[in-house]
Amino acid sequence: LPKPLLPVNGKTVIDHIIDNFLRYKIKDFVLSVNYKSQILKAFFIERKKKYKIKFIEEHKPLGTAGSLRLLKNKIKTSFFVTNCDVIVDTDYSDLLEFHRENGHLLTLVASTKDYVIPYGACHLNKDGHLDHIDEKPKYEFLVNAGLYVLSPSLLEIIPHKKRYDITDLIAH
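Position numbers for residues start from 1 in each chain and track the written sequence from start to end. Only residues with pLDDT of at least 70 get local features here, since the model is predicted, and only at 80 or more are side-chain atom pairs given and counted; chain-wide, interface and lining totals rely on the full set of residues. Side-chain metrics rest on all non-hydrogen atoms present in the structure, leaving aside hydrogens and water.

Draft legend 1. Just the overall build of the protein, in detail. Secondary structure counts use DSSP, requiring at least four H or I residues in a row for a helix and at least two E residues in a row for a strand, with both numbered from the N terminus. Regarding its fold elements, the protein presents five helices and nine strands. For the protein, the succession of helices and strands along the chain, N to C, is β-β-α-β-α-β-α-β-α-β-β-β-β-α. With the C-alpha coordinates aligned to their principal axes, the bounding extent of the protein is approximately 65 × 40 × 35 Å. Per-residue accessibility, obtained with a 1.4 Å probe over protein chains only, is compared with the maximum for each type, and a residue is labelled buried under 20%, exposed over 50%, and partly exposed between these values. Every one of the 172 residues in the protein was classed for burial, and the buried ones make up 33%. By the convention used here, residues are in contact when the closest approach between their heavy atoms is within 4.5 Å. Taking as baseline every contact in the protein between residues at least 6 positions apart, the subset at least 24 positions apart corresponds to 65%. Total accessible area on the protein is roughly 11,400 Å²; 53% of this is exposed by carbon and sulfur atoms. Note on areas: Shrake-Rupley, 1.4 Å probe, and residue coverage restricted to the protein chains presented here.

If you want it as structure tokens, here you go:
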């Protein structure tokens, strides 16, 4: 199965994602599909939906942002982009308001991730001798959650029919 169709707590990942948006009255969706696209399309064909869904067909993988170029001149306001293999529970209204009020071109949602090394970490002094041991040290990282708000002007800088990841867009 494509990742969006994997079950999580009795629903597919894509159903969780769409339901989160529907809570905020967001009802228009565009899915960029490539790998196993027929399975994903078939999933939506005969469903009774309270939303609109369109597909962008990638004939070759274009990366997270590459297929967005096909939306150029079709979207006039800021819009959400999400990976379809993550479920992000956030206030979408607040996120969009934050993006607009601050005049951002791109807003990225991040989450903290703690990583605990399950052993004592040895620290050496300049002579290579044991200085001290940190028992089970914990590190905190800020990680990309795979949810973004983009301004439509960004669609202009995405190259046409070339692989372009969201990290390329952020770095631009």
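Draft legend 2. Molecular detail of the environment of I53. Inspection of the secondary structure puts I53 in strand β4 (residues 52–57). Note: C-alpha distance between I53 and V30 (23 residues apart in sequence) is 5.7 Å. Apart from the residues lying within four places of it in its own chain, the contact partners of I53 are F29, L31 and F44.

Draft legend 3. Region of the structure containing the sheet that holds strand β5 (residues 79–82). The sheet built from three strands is open, its strands ordered β5-β9-β6 with antiparallel pairing. Each edge of the open sheet carries a strand with a single partner, namely β5 and β6 (106–116). Each neighbouring strand pair of the sheet contributes to a mean axis angle of 35 degrees, computed without reference to strand direction. One bridge is not enough; two strands pair if DSSP finds at least two bridges between them. Strand direction decides the pairing type here: β5 and strand β9 (residues 138–150), joined by four bridges, are antiparallel. In the sheet register, T82 faces β9, and the bridge partner there is L147. A fitted line through C-alpha atoms represents every axis, and for helices the fit uses only the stretch in contact; the resulting angles, taken between N-to-C directions, go from 0 to 180 degrees. Where helix α4 (residues 92–101) meets the sheet, it contacts β5, β6 and β9, and its direction lies at approximately 80 degrees from that of β9.

Draft legend 4. Spotlight on unusual backbone geometry. Positioned with a positive phi, K25 is a non-glycine residue whose angle comes to about 65 degrees. With a relative accessible area of 67%, K25 lands in the exposed category.

Draft legend 5. View of the nonpolar core. The nonpolar core is taken to be a set of buried Ala, Val, Leu, Ile, Met, Phe, Trp, Tyr and Cys residues, with the residues joined through side-chain atoms within 4.5 Å. Core analysis: the biggest nonpolar cluster contains 22 residues, and F21, L31, F44, F80 and L147 have the highest contact counts within it. Those elements giving two or more residues to this core turn out to be α1 (13–22), β3 (28–33), α2 (37–45), α4 and β9. Looking at this core element by element, the count peaks at five residues for α1. In this view, F21 contacts I26, F29, F80, T82, Y92 and L147; residues no more than four positions away in its chain are not counted. Core analysis: the next-biggest nonpolar cluster, separate from the first, contains 14 residues, A65, L150, L154 and I166 among them.

Draft legend 6. Structural view of the pattern of salt bridges. By convention in these notes, a salt bridge is any Lys or Arg side-chain nitrogen within 4 Å of a carboxyl oxygen on Asp or Glu. All chains considered together, the criterion is met by nine salt bridges. K3 is paired through a salt bridge with D85; the nearest N and O atoms lie 3.5 Å apart. One end of the pair, K3, is in the segment before β1 (7–8); the other, D85, is in the loop between β5 and α4, with 82 residues separating them in the sequence. By relative accessible area, which is 53% here, K3 ends up exposed. A salt bridge links D114 to K138; its shortest N-O distance comes to 3.5 Å. On the criterion of sequence distance, the pair formed by D114 in strand β6 and K138 in strand β9 is long-range, its members being 24 residues apart.

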